[in-house]
Amino acid sequence: MGKETNPRRVAENEAFAKTKMLRTSPQKLNLVAQLIRGKKVDKALADLTFSHKRIAGDVKKCLQSAIANAENNHGLDVDNLVVAEAWVGKNLVMKRGRPRARGRYGKIMKPFSEITIKVRQVEEQA
């Protein structure tokens, strides 16, 4: 009399991972997500490893998590995986401020964002 399993949210040949509360703006994070969309996972990992963007390390962790989910939870072959989708969303924004001249107040916004990476197994072409 256990709980019923949830239906899968992705296709049988897909797996995904999501990372929330990344301390960068969605616009900057999307630049890194564009770097890996549509690539094979080994090439995407290499690109993220040698990227000069600060947030690339966190995106690499998320991609490695998606690869591990595909292998361990869904039994997909790691050598045939490609990054099918990588999308970015907004999260909370911390509002800070700084006193400015003549009694004014300068707003400082510190945005957070989240990324979802979906990997898909593709068939080898002869």
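Residues numbered from 1 in each chain as written. Predicted model: local features only at pLDDT ≥ 70, side-chain atom pairs only at ≥ 80, totals over all residues. Heavy atoms only, no water.

The protein chain is annotated in an unreviewed UniProt entry as Large ribosomal subunit protein uL22 from Paracoccus haematequi. Per UniProt, the comment on the protein chain under Sequence similarities (unreviewed entry) is "Belongs to the universal ribosomal protein uL22 family." Comment text from UniProt for the protein chain, heading Subunit (unreviewed entry), reads "Part of the 50S ribosomal subunit." (UniProt positions renumbered as here; feature names shortened; annotations may be inferred.)

Draft legend 1. Inspection of the sheet that holds strand β2 (residues 81-99) at higher detail. The sheet built from three strands is open, its strands ordered β1-β3-β2 with antiparallel pairing. Edge positions in the sheet fall to β1 (14-22) and β2, since each of these pairs with one other strand and no more. Here the average twist between neighbouring strands, direction ignored, is 10 degrees. Inspection of the sheet shows β2 paired to strand β3 (residues 105-121) by 16 bridges, in the antiparallel sense. Paired with Gly89 across the strands is Glu114, a residue of β3. (Pairing = 2+ DSSP bridges. Helix = DSSP H or I, 4+ residues; strand = E, 2+ residues; numbered from the N terminus. Axes fitted to C-alpha atoms, helices over the stretch in contact; angles between N-to-C directions.)

Draft legend 2. Layout of the pattern of salt bridges. A complete count under the given rule lists seven salt bridges for this structure. With a shortest N-O distance of 3.1 Å, Lys43 and Asp47 are connected by a salt bridge. With Lys43 and Asp47 both in helix α2 (residues 41-49), this residue pair falls four residues apart, about one helical turn. Using a relative accessible area of 46% as the deciding quantity, one classes Lys43 as partly exposed. Connected through shared salt-bridge partners, Glu14, Glu85, Lys118 and Arg120 make up one network. (Salt bridge = Lys/Arg side-chain N within 4 Å of Asp/Glu carboxyl O. Buried < 20%, exposed > 50% of the residue type's maximum accessible area, 1.4 Å probe, protein only.)

Draft legend 3. Inspection of the side chain of Glu114 at higher detail. Looking at where Glu114 falls in the secondary structure, it is placed in strand β3. Overall, Glu114 belongs to the buried group, its relative accessible area being 17%. Among the polar contacts made by the side chain of Glu114, one reaches the side chain of Asn91 at a distance of 3.1 Å. For Glu114, the residues in contact, after removing those within four places along its chain, are Lys18, Thr19, Lys20, Leu29, Trp87, Val88, Gly89, Lys90 and Asn91. (Polar contact = N/O pair within 3.5 Å; in protein donor to acceptor, adjacent residues only side chain to side chain. Contact = heavy atoms within 4.5 Å.)

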